[in-house]
Amino acid sequence: MVDIHSHLLPGIDDGPKDWETTAEMCHLAVEDGIRHIIATPHCNYRYAYDRQELKGALDRLRSLAGPRLQVGLGCDFHLSYENLQAALQDPSPYTIEDTNYMLIELSNFSVPPQTSDAFMRLMDRGISPILTHPERNPILQKDLGRVLQWVSMGIIVQVTGSALTGDWGEQAWRSARWLLKHEAVHVLASDAHGVQRRTPGLSAARQAAAEISGEDTARVLADDNPRAIVEGRPLPYFPKV
């Protein structure tokens, strides 16, 4: 399996605090069947993001992960006005590796009407936005039809694997299932932050997805689609909603 959203680098954001925890997270990922994982530190008002400075930490992470776990670098990109302008000027510091795919996180407090326009501007710039965990967003939970509208525009949707197993509460669980049943989920990812909770792993979520949508779809969400993303290829699975 391939995990495109995780917080592995220590001392960068609200992920692990030390390299020992990072090492344990890598071990958990491998044991769960993940073979490629992307470290995606936050880029928001609280945490500064500097791609050049992170490359040194990425080298150490690759050495720590060993041969069984391939590691790459991305960004948990908060969609603010300042970030949007920076990405439109030069998206390369924020994308997953050297691809055109970029994780986009929306605020839990406001999802303004111009969000659709922001997505279109990013797409016009050649970026393929991946909307992260809409099932956990309290605003979108009340209006999941907006997510379907964005999917019809070509926006990719990434659901947190543990939301499908109930770890984020009933509302997130119901929202994740609803999106999955409406064929509006394209990627499962861990959004891992540590080893006690929000741990790296996708096998339980893959099984939950299989029970809802079948084994073929579950495989695509946990492997085929995220693998295409890290390799910079078009998604093999993107049904019309």
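For clarity, every value in this text was computed on a predicted model and none was experimentally measured.

Peer 1: I keep staring at the overall build of the protein chain and nothing clicks. Help me out?
Peer 2: Along the protein chain, the regular secondary structure elements total 9 helices and 9 strands. Over its C-alpha atoms the protein chain spans a radius of gyration of 16 Å, differing by no more than 12% from the 18 Å that the globule rule assigns to 241 residues. Summarising its shape, the C-alpha atoms of the protein chain cover approximately 40 × 40 × 30 Å along the three principal directions. Put simply, the protein chain has 241 residues, and 55% of those count as buried. Long-range pairs, those at least 24 residues apart, make up 75% of the contacts in the protein chain between residues at least 6 apart in sequence. Of the roughly 10700 Å² of accessible surface on the protein chain, 46% is carried by carbon and sulfur atoms. Positive and negative charge centroids in the protein chain, built from 23 and 31 side chains respectively, lie 2 Å apart.

Peer 1: Would you mind showing me how to read the packing of aromatic side chains here?
Peer 2: Taken as a whole and assessed by the stated rule, the structure comprises 3 aromatic pairs. Here Phe 77 and Tyr 94 contribute two aromatic rings whose centre-to-centre distance is 5.2 Å and whose plane-to-plane angle is 65°, an arrangement assigned as edge-to-face. With Phe 77 in strand E5 (residues 76-78) and Tyr 94 in the loop between helix H3 (81-89) and strand E6 (101-105), this residue pair connects regions lying 17 residues apart in the sequence. Both residues of the pair, Phe 77 and Tyr 94, belong to the buried class. Each member of the aromatic cluster is reached from another via a ring pair, and the members are Tyr 49, Phe 77 and Tyr 94. Stacked on the ring of Trp 168, the Lys or Arg Arg 197 has its end atom at 5.9 Å from the ring centre.

Peer 1: What am I meant to see in the layout of surface pockets here?
Peer 2: Within this model, the largest pocket holds a volume of roughly 450 Å³. If you trace the largest pocket, you find 22 residues lining it, with His 42, Asn 44, His 78, Glu 105 and Asn 108 closest to the centre. The residue makeup of the lining of the largest pocket, split by class, is 5 nonpolar, 10 polar and 7 charged.

Peer 1: Please explain the pattern of salt bridges as it appears in this structure.
Peer 2: Any two side chains of opposite charge can pair, on the condition that their charged atoms come close. By the definition in use, this model includes 8 salt bridges. One salt bridge connects Arg 136 with Asp 191, and the closest N-O pair in it is separated by 2.8 Å. A residue pair is termed long-range when its members are at least 10 positions apart, and Arg 136 in the loop between strand E7 (128-132) and helix H5 (145-153) and Asp 191 in the loop between strand E9 (187-189) and helix H8 (203-213) qualify at 55 residues. Take Arg 136 and Asp 191: they sit in the same class, and that class is buried. Close ionic contact of Asp 224 with Arg 219 constitutes a salt bridge, the shortest N to O distance being 3.1 Å.

Peer 1: What is the right way to read the environment of Asp 98 from this model?
Peer 2: You can see Asp 98 is positioned in the loop between H3 and E6. With a relative accessible area of 81%, Asp 98 lands in the exposed category. With 25 residues separating them in the primary sequence, Asp 98 and Leu 73 have C-alpha atoms 9.1 Å apart.

Peer 1: What am I meant to see in the sheet that holds E5 here?
Peer 2: In a beta sheet, neighbouring strands are held together by backbone hydrogen bonds and run either parallel or antiparallel to one another. A sheet is described by the order of its strands in space; here 6 strands give the open sequence E3-E5-E6-E7-E8-E9, paired in parallel fashion. Edge strands, defined here as strands with exactly one partner in the open sheet, are strand E3 (42-43) and E9. Where E7 meets strand E8 (residues 156-160), 3 bridges bridge the pair, whose relative direction is parallel. Residue pairing in the sheet places Thr 132 in a bridge with Gln 158 of E8. Where helix H9 (residues 215-230) meets the sheet, its contacts fall on E6, E7 and E9, and the angle it forms with E9 comes to roughly 95°.

Peer 1: Help me understand the nonpolar core, please; the structure alone is not making it clear to me.
Peer 2: In summary, soluble globular proteins display a tendency toward joint burial of nonpolar side chains. Residues Leu 61, Leu 69, Phe 77, Leu 79, Leu 106, Leu 122 and Leu 188 are the most contacted members of the largest nonpolar core, which totals 65 residues. Beyond its immediate sequence surroundings of up to four residues, Leu 61 is in contact with Leu 8, Leu 9, Trp 19, Thr 22, Cys 26, Ala 39 and Val 71. Counting residues in each nonpolar core, the second largest holds 14 residues, with Ile 38, Tyr 101, Ile 156 and Ala 228 among its members.

Peer 1: Sorry if this is basic, but what is going on with H5 here?
Peer 2: In an α-helix, one full turn covers 3.6 residues, which means residues spaced three or four apart are oriented alike. Listed as buried for H5 are Arg 146, Val 147, Leu 148, Trp 150 and Val 151. Against the buried residues of H5 lie helix H4 (115-124), E7, E8 and helix H7 (170-181). Where H5 terminates, the next one or two residues include Gly 154, which has phi positive at roughly 110°.

Peer 1: Please explain the state of the cysteines as it appears in this structure.
Peer 2: Applying the stated criterion across every chain, the model contains 0 disulfides. Cys 43 carries a free sulfur, and the closest cysteine sulfur to it, the one in Cys 75, is 4.4 Å from it.

Conventions we followed
- Residues numbered from 1 in each chain as written.
- Predicted model: local features only at pLDDT ≥ 70, side-chain atom pairs only at ≥ 80, totals over all residues.
- Heavy atoms only, no water.
- Helix = DSSP H or I, 4+ residues; strand = E, 2+ residues; numbered from the N terminus.
- Rg over C-alpha atoms; globule rule 2.2 N^0.38 Å.
- Buried < 20%, exposed > 50% of the residue type's maximum accessible area, 1.4 Å probe, protein only.
- Contact = heavy atoms within 4.5 Å.
- Areas by Shrake-Rupley, 256 points an atom, 1.4 Å probe, with all protein chains shown as cover.
- Lys, Arg positive; Asp, Glu negative; His and termini not counted.
- Charge placed at Lys NZ, Arg CZ, Asp CG, Glu CD.
- Phe/Tyr/Trp six-rings, centres within 6.5 Å; stacked < 30°, edge-to-face > 60°.
- Lys NZ or Arg CZ within 6 Å of the ring centre and 35° of its normal.
- 1 Å grid on protein atoms, 1.4 Å probe; cavity = no way out; pocket = protein on both sides within 12 Å on 5 of 7 lines; lining within 4 Å.
- Points joined across faces, edges and corners; volume = space filled by probe spheres on them.
- Nonpolar A, V, L, I, M, F, W, Y, C, P; charged D, E, K, R; others polar.
- Salt bridge = Lys/Arg side-chain N within 4 Å of Asp/Glu carboxyl O.
- Pairing = 2+ DSSP bridges.
- Axes fitted to C-alpha atoms, helices over the stretch in contact; angles between N-to-C directions.
- Core = buried A, V, L, I, M, F, W, Y, C linked by side-chain atoms within 4.5 Å.
- Disulfide = S-S within 2.5 Å.

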